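Fold and geometry: a report
Given next are the chains, with one letter for each unit.
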Amino acid sequence: MFILVNLKAYPCDPVEVATAARDVADDSGVRIAVAPQAAHLSQVADTGVETWAQHVSPNDYGSHTGSTLAEAVAEAGATGTLLNHSENRMKLADIDASLDAAGRADLETCVCANNPEQIAGVTALGPDSVAVEPPELIGGPDPVSDADPDIVRNAVEAAAAVDDDVDVYCGAGISTGDDVAAAGDLGATGILLASGVAKADDPRAALEDLVAPLR
Ligand SMILES: O=C(CO)COP(=O)(O)O
């Protein structure tokens, strides 16, 4: 299982979380990546942890004020990017163009979607992975793996029907190792989480709990 920690715009210390994630990944052998704010990418990448951007713009170099170029996040040390997060939804054509931009910069890609129907649609665009995250469960106490297991099962099935080379992750409310194990049992090959680590009093302990069943 791949554990992708999205720090969103939470007021946590990105380097503290990144250092803990690096150590827990090294110790456990579990693949863990951290997706900080764009301005923190270099600091996070300097810890040695696998580093992802939260978004890249659909455009190339040029007159695009305020954009986050795929090339720039790669130069800052990112090796992957989220796209179309529930809190940063994109038009279909822009997801497609951002996937092209990520490809030019050699970034791994994970496109988020609300439900299995959208998962099928974004899988057709050819990302490396997709992540199903029901918006109503994001940031809440109930893990998607318990609260809506069918959405995960159906997302796995929907993606496989389009392209079975695309990995399917799930997220929303995941915060414990039991949640990670349950997501794996439903067919997900990774999880996307945020508050369970970024808002934890002890992010290192939270990460250790997440990987415990995977050791
Ligand atoms: O949106 C998410 C990850 O990108 C999920 O957030 P939570 O883990 O806080 O529910």
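Residues numbered from 1 in each chain as written. Predicted model: local features only at pLDDT ≥ 70, side-chain atom pairs only at ≥ 80, totals over all residues. Heavy atoms only, no water.

**Some points on the state of the cysteines**
Per the stated rule, a full pass over the model turns up zero disulfides. Here Cys-12 is not disulfide-linked; the sulfur of Cys-112 is the nearest cysteine sulfur, at 18 Å. Overall, the relative accessible area of 18% leaves Cys-12 in the buried class. (Disulfide = S-S within 2.5 Å. Buried < 20%, exposed > 50% of the residue type's maximum accessible area, 1.4 Å probe, protein only.)

**Looking at the layout of surface pockets**
Approximately 230 Å³ is the volume found for the largest pocket. Surrounding the largest pocket, Asn-6, Lys-8, Pro-36, Gln-37, Ala-38, Ala-53, Gln-54, His-55, Thr-68, His-85, Glu-87 and Asn-88 form its lining. The class makeup of the residues in the lining of the largest pocket is three nonpolar, seven polar and two charged. (1 Å grid on protein atoms, 1.4 Å probe; cavity = no way out; pocket = protein on both sides within 12 Å on 5 of 7 lines; lining within 4 Å. Points joined across faces, edges and corners; volume = space filled by probe spheres on them. Nonpolar A, V, L, I, M, F, W, Y, C, P; charged D, E, K, R; others polar.)

**Looking at the confidence of the model for the protein**
Summing up the model confidence of the protein, the mean pLDDT is 98 and the portion of residues at 70 or higher is 100%. In the predicted assembly, ipTM is 0.99 and pTM is 0.98. (pLDDT = per-residue confidence, 0-100.)

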